[in-house]
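One letter stands for each residue in the lines below.
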Amino acid sequence: MRLWSRELWRLLGWAALGICLGWLLGLPGLGLAGGFAMCLVYHLRQLRAAYRWLTQRPQDEPPAAGGLWGELFDRLYRYQKSQRITQGRLRSTLARIQESSEAMRDSVVMLDRHGDLEWWNSAASNMLGLQTAHDRGQHITNLLRDPRFISYFNARDYSEPLTLTSPIDERRILQYQITLYGDDERLVMARDITRLHQLEQMRRDFVANVSHELRTPLTVLSGYLETYGEMADQLPPRLGRSIGQMQAQTQRMQNLVNDLLLLSRLEIDQGGQDHQPMDVTSLLNSVGADALALSEHQHTLTIEGDYPAQLVGSEQEIRSAISNLAFNAVRYTSAGSEITLCWKAFGQGACIEVCDDGEGIDPVHIPRLTERFYRVDKGRSTATGGTGLGLAIVKHVLLRHDAQLQIDSHPGEGARFRCVFPAARLSTPSTPPRSVSSVT
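Thresholds, definitions, all that
- Residues numbered from 1 in each chain as written.
- Predicted model: local features only at pLDDT ≥ 70, side-chain atom pairs only at ≥ 80, totals over all residues.
- Heavy atoms only, no water.
- Pairing = 2+ DSSP bridges.
- Helix = DSSP H or I, 4+ residues; strand = E, 2+ residues; numbered from the N terminus.
- Axes fitted to C-alpha atoms, helices over the stretch in contact; angles between N-to-C directions.
- Contact = heavy atoms within 4.5 Å.
- Salt bridge = Lys/Arg side-chain N within 4 Å of Asp/Glu carboxyl O.
- Buried < 20%, exposed > 50% of the residue type's maximum accessible area, 1.4 Å probe, protein only.

As recorded in an unreviewed UniProt entry, the protein chain goes by the name Phosphate regulon sensor protein PhoR, listed as coming from Vreelandella janggokensis.

Here it is in C-alpha cells:
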C-alpha cells in the first residue's frame, strides 16, 4: 500500500504541476493534460525497459527504477531466479532418470498423449530397431505393426502383458507392458524373455514326451493286472488284495498321464479348428449323468439350462472342463449334497456355473486353485483319486475360448465355479432350449 500511495502522490504531483503551468498560460485544462501526458511517458519508458529486459537480456540484472516499477522489477527477477533453479533441478532429475534408463537391460520407450515417440533408451534401439534420426515423433504403431500389438495398444487395457516376437529378429521373444502416466502419456517397456520361453517350451516338451512314454508301459501293466484280477478267486487272499491295490494305483497313474497329455496339448495346440455352436443344455445333461454315475446316485443334481443362446467352441474341450468341475463337486462333498449345473446370461455374455453346498473353500486358497498339483487338503485329494490337474485344465480350456474362471467360496457355504464367456462366443439356436431338470 505504501508504494501505491507514493505512486498516487506522484500522479497528483504531475497533475498539479501541469495545472500550475497551464494557469500561467491561461490554459489550465491543457496543463492538466500535459501533466498526465508526462506521467504516461514515464510509465511507457519503464514498460519499454521491462520489455527489453525480458525479451533481450533476461539473464541480466533488472533495470534500475524506483517506486512501484522498482519493486515490480525486483519481484520479477526473484521469480526468474527461482524458476531457473527449479528448471535446473528438473533437468538434473531428468538426466538421472535417462541415465538410469540407459543402464537398464529392458527397453524403455516414452510416448506423448498422441502415441508419438519422444524418447527411448539404447536397449529399445537394439530390441525394437528404433533409430533416433528417423523415428522420433513417429507414431508407435507405424514402427510396431503387429496387429496384436496395435489391438493391445488401442484397447487401453494394460492389466496383462503382451508377448510377441521382436520386429527385427523373429528368434527373440519380447514381453510388452504399457503404463499410463501424466497427461494420458504412455511408457512402453519391452523385456527379452527368449530364455524363459525356451525353458518353458523345454518343460512342455519334457512333460509331453514323458507322459507319452509312460502310457505304453502303463497300458501293458494294466492289462496284466486286469488279467490277474479276473483270477482273484484262484489266488491267495493277500496276493488278491495286492493286485487290487496295484490296479487302483495303475489306474491313478493312467489318469495322471492322460491329464498331463491333455494339458500339454492345450498349451501347445492353438486350437479353433473344431469350434462350432453347441447345445450347452444337452452338454450339461450329459455331464450331469456322468457325475451321478460317479457319485453312485448319492447326490442330488439339478440342471438349469433355459438360456436360449448356444456356445461357440470345442465341445470336447468344454465337456472336459465342465466334467472336471462337476466331478470335483462330487468328490469333495458328502453324500446327500446338492449340486447345480446352470447355463444362464451373465453381464454382456453368458456363463456356466457349477455350485454345491459342501464344506466350501477358504478364500486364501482360491488364487492358487488353478495351479498344477495344488491341493487344499493333500491327503483327502489323494484319497478321492484326483490328479491335481483338473482346475489347471479348466483354466486353459477357458483361455482358449476367451473366457475366465471365477471362484466364490467360503467355509461352510459351499462353492460356486463360474465359467464366464463373452458375447462374441454366443450364437442364436434354431430350436428352443430344454427346461430345467432335477435328478437324484
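Past the structure itself, the notes keep going.
(A) Summary view of the sheet that holds strand S1 (residues 107–111). Reading across from one edge, S2-S1-S5-S4-S3 is the order of the five strands in this open sheet, with antiparallel pairing throughout. Looking at strand neighbours, the two that pair on one side only are strand S2 (117–120) and strand S3 (162–165), the edges of this open sheet. Ignoring which end each strand starts from, the neighbouring axes of this sheet average 25° apart. Looking at chain direction, S3 and strand S4 (residues 173–181) are connected through four bridges and run antiparallel. Paired with leucine 164 across the bridge in S4 is leucine 174. Relative to S4, helix H7 (residues 147–155) is tilted by about 20°, and along the sheet it contacts S1, S3, S4 and strand S5 (185–192).

(B) Representation of the pattern of salt bridges within the structure. Enumeration according to the criterion identifies twelve salt bridges in this entry. Residue glutamate 317 is joined to arginine 400 by a salt bridge in which the shortest nitrogen-to-oxygen separation is 2.8 Å. In this pair, glutamate 317 is assigned in helix H11 (residues 315–331) and arginine 400 in the loop between helix H13 (390–399) and strand S11 (404–409), connecting sequence segments 83 residues apart. Accessibility assignment for this pair places glutamate 317 and arginine 400 in one class, buried. Arginine 425 is paired through a salt bridge with aspartate 402; the nearest N and O atoms lie 3.2 Å apart. You can see arginine 425 sitting in the loop between strand S12 (415–421) and strand S13 (426–427) and its partner aspartate 402 sitting in the loop between H13 and S11, a full 23 residues away along the chain. One salt-bridge network, in which partners are shared between bridges, spans Lys344, Glu353, Arg416 and Arg418.

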